[in-house]
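Report on the structure
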Amino acid sequence: MNLASYESIKSSIVLDFEEYIEEEGLNVAQVSAKILEEDWRIVNDSLFTKTLYFVSIAIESLKYKEIADFIYSKLNSYLEYTKFEEHIDKNDIEMLTRDTQICKKLIDDKGEYKIRETSDSAESRVEYILGLKVD
């Protein structure tokens with residue numbers, strides 16, 4: 001289906017973090033959940049887009065020196081993916097691979113950030129969103 005390009009997704013996530021944190025006063029966990037909820041169709045479009053969202057949200061979160069527990073707990077599985085759907089552009093895969101390496105380095109630097117705990121209901125809501133099927 002490919003609902004959005006790599007660059008537009010990345011740019012959207014960066015802008016969302018800036019807007020929701022700086023203008024609306026939300027924390028990193030709230031922003032992460034809000035992005036996943038608002039963009040669920042794109043997120044659930046493919047393994048590639050889901051991986052892109054998790055990696056991009058993690059990178060943006062870590063710029064604020066914290067990461068939501070529901071992103072952190074699932075991130076490792078997304079950092080390991082190297083094969084994606086056949087219709088994904090090779091350049092997009094290369095850019096995601098580069099971002100994955102950046103994300104791994106940031107995550108390995110454990111003293112530089114904190115993991116923001118969220119409620120069970122917030123985590124359940126994210127699980128529900130990630131399980132929605134795109135028509």
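In what follows, the accompanying structure is described. These numbers come from a predicted model, not from an experiment.

It is generally the case that most residues other than glycine have a negative phi and that most peptide bonds are trans. The backbone of Lys65 shows a phi angle near 65°, a positive value even though the residue is not glycine. Within the secondary structure, Lys65 sits in the loop between α4 (47–63) and β1 (66–68).

Time to look at the environment of Leu130. Structurally, Leu130 can be placed in helix α7 (residues 120–131). Each C-alpha atom of the pair Leu130 and Lys50 lies 8.6 Å from the other, and the pair is 80 residues apart in sequence. Contacts of Leu130, omitting those with residues within four sequence positions, involve Val43, Asn44, Lys50, Phe54 and Lys74.

Quick look at the side chain of Asp99 now. Locating Asp99 in the fold gives a position in helix α6 (residues 90–108). Once you skip the residues sitting within four places of it in the chain, Asp99 turns out to touch Tyr6, Lys10, Val55 and Ile59.

On to the packing of aromatic side chains, then. Under the defined criterion, the tally for this structure stands at five aromatic pairs. Among the aromatic residues, those joined into a ring-pair cluster are Tyr6, Phe48 and Phe84. Positioned above the aromatic ring of Tyr20, the side-chain terminus of Lys34 is 4.4 Å from the ring centre.

For the rest of this paragraph, the subject is the pattern of salt bridges. One pass over the structure, following the stated rule, counts eight salt bridges. For Lys10, the salt bridge identified is with Asp99, shortest N-O distance 2.9 Å. Taken together, the residues span a long stretch of sequence, with Lys10 in helix α1 (residues 6–23) and Asp99 in helix α6 at a distance of 89 residues. What makes Lys10 buried here is its relative accessible area of 18%. Classification of Asp99 as buried rests on a relative accessible area of 4%. Between Lys63 and Glu60 there is a salt bridge; the shortest N-O distance is 2.8 Å. One end of the pair is Lys63 and the other is Glu60, both in helix α4 and three residues apart, which spans about a single turn. The class of Glu60 is buried, set by a relative accessible area of 6%. The structure contains a network of salt bridges with shared partners spanning Lys10, Arg98 and Asp99.

Attention now moves to α1. The terminal C-alpha atoms of α1, which comprises 18 residues, lie 25 Å apart, in line with the 26 Å expected from a rise of 1.5 Å per residue. Within α1 the residues assigned to the buried category are Tyr6, Ile9, Lys10, Ile13, Asp16, Phe17, Tyr20 and Ile21. Here the buried residues of α1 occupy an arc of 125° about the axis, which is enough to place them on one side. Exposed residues on α1 whose side chains face more than 90 degrees from its buried face are Leu15, Glu22 and Glu23. At its buried positions, α1 is contacted by α2 (28–38), α3 (40–43), α4 and α6. Within two residues after α1, Gly25 carries a phi angle of roughly 75°, on the positive side.

Thresholds applied
- Residues numbered from 1 in each chain as written.
- Predicted model: local features only at pLDDT ≥ 70, side-chain atom pairs only at ≥ 80, totals over all residues.
- Heavy atoms only, no water.
- Helix = DSSP H or I, 4+ residues; strand = E, 2+ residues; numbered from the N terminus.
- Contact = heavy atoms within 4.5 Å.
- Phe/Tyr/Trp six-rings, centres within 6.5 Å; stacked < 30°, edge-to-face > 60°.
- Lys NZ or Arg CZ within 6 Å of the ring centre and 35° of its normal.
- Salt bridge = Lys/Arg side-chain N within 4 Å of Asp/Glu carboxyl O.
- Buried < 20%, exposed > 50% of the residue type's maximum accessible area, 1.4 Å probe, protein only.
- Expected span 1.5 Å × (residues − 1).
- Arc of directions from axis to C-beta.

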